[in-house]
Amino acid sequence: MKDILRRNIMEKILLEQDPLRQEFVKYSNDLFFHYLLLNHEKIRTLICQEAMPDKKIVSTTVRNATQYGKRYQEKKLILDLIAEAQDGTLFIIEMQTYGLSIDVTIRFELYGAEVLRQQIKMGENYVDTPQLGELIINAGKALKGYDKYKYEFVLYDKENQKEYPHHHLKVTLIQLEHIDQVLDDMSVFNQLMYLFKNEKVYDKMEADQLVEEAIEMHKEYIASDEKYQEYLDKVDNDMILNSKIRLAQMYEEKAEKLGEENEKLHEEKLEYNRIIRNSIYQYIQKVFNEDISQWLKSLNEKQ
């Protein structure tokens, strides 16, 4: 008993001294989320059902299970999982741990359009193209101007209050920052979201079996040295990618600043030339009493 207690104390001390491991052990770690969806069919199906509540989703299979790669050139540093329901409906599921930026929301929209385009390319005709539900779970700061827990987006005419006919793309946004808005409706899905947000189960009711199974999978996941190394690889790649993005932004800002400075110098040069012309005009007119304004206007900048 003392050995177990001593080990637990040591593990706690090590965790407090390792900020990376603190992030790794979180339920909202996007690599764990990917691992959970990949290996637990019932939880995956439950989450897909949330993205398409009007459909009965009985089962799902993983269509794209690409694991995280170490090469920084890989574009998919934030993992998307594509699942397919029993009726062919497709789902893209993603956990965003750092909040939603403009580039992330645009990327998600374009990614969905690309998946639909590939369906056509693979031989599907337009009518038979499967519907696509995209589900973004935002574990970071809520999107500015969006203060609700859940949003469902489709092509929509606001003025006439009509959805686009036969639309194939629907985007669902879950914002964990606002989980308190659904405490009176703690469905199994919302219990899972509460776990991802608060690192503990919702204690006002008995946890669902799927929530308990997610906790057990999490224990196995964080005990794996291989999974921790995978997480460290991801952190390395994120740093490289963010450095490249920041460097590109710095060059862009510098070029923009130089462009503004060059434009200012050009304007100052034009103003200087204008002053010189006026001085010459005034001098000649005063000395020779001759109007040369038309001649001055005929000269180009170089002359």
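Residues numbered from 1 in each chain as written. Predicted model: local features only at pLDDT ≥ 70, side-chain atom pairs only at ≥ 80, totals over all residues. Heavy atoms only, no water.

## Examining the pattern of salt bridges
In plain terms, the rule: What makes a salt bridge here is a side-chain nitrogen of Lys or Arg within 4 Å of a carboxyl oxygen of Asp or Glu, nothing more. Secondary structure follows DSSP: runs of H or I at least 4 residues long count as helices, runs of E at least 2 residues long count as strands, and numbering of each begins at the N terminus.
Using the criterion set out here, one finds seven salt bridges in the structure. Lys26 is paired through a salt bridge with Glu23; the nearest N and O atoms lie 3.2 Å apart. In this structure, Lys170 and Glu152 form a salt bridge, with 2.9 Å as the shortest nitrogen-oxygen distance. Residue Lys170 is located in strand β8 (residues 169–175), and its partner Glu152 is located in strand β5 (residues 150–153); the two are separated by 18 residues in the primary sequence.

## Topic: the packing of aromatic side chains
Rules: To pair, rings of Phe, Tyr and Trp, with the six-membered ring standing in for Trp, must have centres within 6.5 Å; the planes then decide the type, stacked if under 30 degrees apart, edge-to-face if over 60, and tilted in the middle. Only protein chains enter the area calculation, which uses a 1.4 Å probe; residues under 20% of their type maximum are buried, those over 50% are exposed, and those in between are partly exposed. Here, a charge over a ring is recorded when the distance from Lys NZ or Arg CZ to the ring centre is within 6 Å and its angle to the ring normal is within 35 degrees.
Applying the stated criterion across every chain, the model contains 12 aromatic pairs. Geometrically, the ring pair formed by Tyr27 and Phe32 is edge-to-face, given 6.2 Å between the ring centres and 75° between the ring planes. Residue Tyr27 is classed as buried on the basis of its relative accessible area of 9%. For Phe32, a relative accessible area of 0% gives the class buried. In this structure an aromatic cluster arises from ring pairing among Phe24, Tyr27, Phe32, Tyr35, Tyr221, Tyr228 and Tyr231. The lysine or arginine in question, Arg21, covers the ring of Tyr228, its NZ or CZ lying 3.8 Å from the ring centre.

## Points about the nonpolar core
Note the cut-off: Side-chain atoms within 4.5 Å link the members of a nonpolar core, which is a set of buried Ala, Val, Leu, Ile, Met, Phe, Trp, Tyr and Cys residues. When checking whether two residues touch, look at their non-hydrogen atoms; a contact exists if any pair is within 4.5 Å.
Counting 46 residues, the largest nonpolar core has Phe91, Met193 and Phe196 as its most contacted members. Within the residue set of this core, elements represented by two or more residues are α3 (30–39), α4 (41–51), β2 (81–85), β3 (90–96), β4 (132–138), α6 (188–198), α7 (209–222) and α8 (225–288). If near-sequence neighbours (up to four positions away) are discounted, Phe196 is found in contact with Tyr27, Ser28, Phe32, Phe33, Leu36, Met95 and Leu176. By size, the runner-up hydrophobic cluster in this structure holds 14 residues, among which are Ile82, Leu100, Val104 and Ile136.

## Topic: α3
Among the 10 residues of α3, eight are classified as buried, and the element is accordingly described as predominantly covered. Of the positions making up α3, those classed as buried are Asp30, Leu31, Phe32, Phe33, His34, Tyr35, Leu36 and Leu37.

## So, the environment of Ile215
With respect to the helices and strands, the residue Ile215 is situated in helix α7. On the basis of relative accessible area, Ile215 is assigned to the buried category, the value being 12%. Considering only alpha carbons, one finds Ile215 and Leu195, 20 residues apart in sequence, at a separation of 8.9 Å. Residues in contact with Ile215, not counting those within four places in the same chain, are Tyr27, Leu195 and Val201.

## A short note on the packing of α3 against α7
Applied cut-off: Each axis is a line fitted through C-alpha atoms, and for a helix only the stretch in contact is used; angles between axes span 0 to 180 degrees, taken between their N-to-C directions. Angle categories are assigned with fixed cut-offs, so that under 35 degrees is roughly parallel, over 145 is roughly antiparallel, 65 to 115 is roughly perpendicular, and the rest are oblique. Should the near helix be turned counterclockwise from the far one by less than a right angle, the crossing is left-handed, whereas a clockwise turn marks it as right-handed. Classes in brief: Ala, Val, Leu, Ile, Met, Phe, Trp, Tyr, Cys and Pro nonpolar; Asp, Glu, Lys and Arg charged; the others, Gly included, polar.
Where α3 meets α7, the axes come as close as 11 Å, and the angle between the chain directions of the two elements is 120°. Relative to α7, α3 is oriented oblique. Of the two possible hands of crossing, α3 and α7 adopt the one that is right-handed. Contact residues: Leu31, Phe32, Tyr35, Leu36 and Asn39 in α3; Ala214, Met217, His218, Glu220 and Tyr221 in α7. Residue composition of the contact of α3 with α7, grouped by class: seven nonpolar, two polar and one charged.

## So, a nonpolar patch on the surface
So the rule is basically this: Here, patches come from residues exposed beyond 30% relative accessible area and free of salt bridges, joined within 9 Å for like charges and within 5 Å for nonpolar side chains (Val, Leu, Ile, Met, Phe, Trp, Tyr). Using a 1.4 Å probe, the Shrake-Rupley method yields the accessible areas, and only the shown protein chains count as cover for residues.
A contiguous nonpolar patch, built from Ile102, Ile106 and Leu110 and spanning about 320 Å² of accessible area, is present on the exposed surface. Along the chain, Ile106 turns up in helix α5 (residues 102–121). Given the relative accessible area of 40%, Ile106 is considered partly exposed.

## A few points about the side chain of Asn190
Position of Asn190 relative to the elements: it lies in helix α6. Owing to a relative accessible area of 4%, Asn190 belongs among the buried residues under this scheme. Excluding anything up to four places from it in sequence, Asn190 contacts Tyr149, Ile179, Val182 and Asp185.

## Details of the packing of α3 against α4
Between α3 and α4, the shortest axis-to-axis distance is 5 Å and the interhelical angle comes to 105°. Relative to α4, the element α3 lies roughly perpendicular. Listed contacts from α4 to Phe33, Leu36, Leu37, Leu38 and Asn39 of α3 are Glu41, Ile43, Arg44 and Ile47. Of the residues that constitute the contact of α3 with α4, the class distribution is six nonpolar, one polar and two charged.

## Thoughts on unusual backbone geometry
Even without being glycine, Gln161 reaches a positive phi, approximately 55°. With respect to the element layout, Gln161 can be found in the loop between β6 (156–157) and β7 (162–163). You will see that His166, though not glycine, has its phi angle at about 60°, which is positive. With respect to the helices and strands, the residue His166 is situated in the loop between β7 and β8. What makes His166 exposed here is its relative accessible area of 72%.

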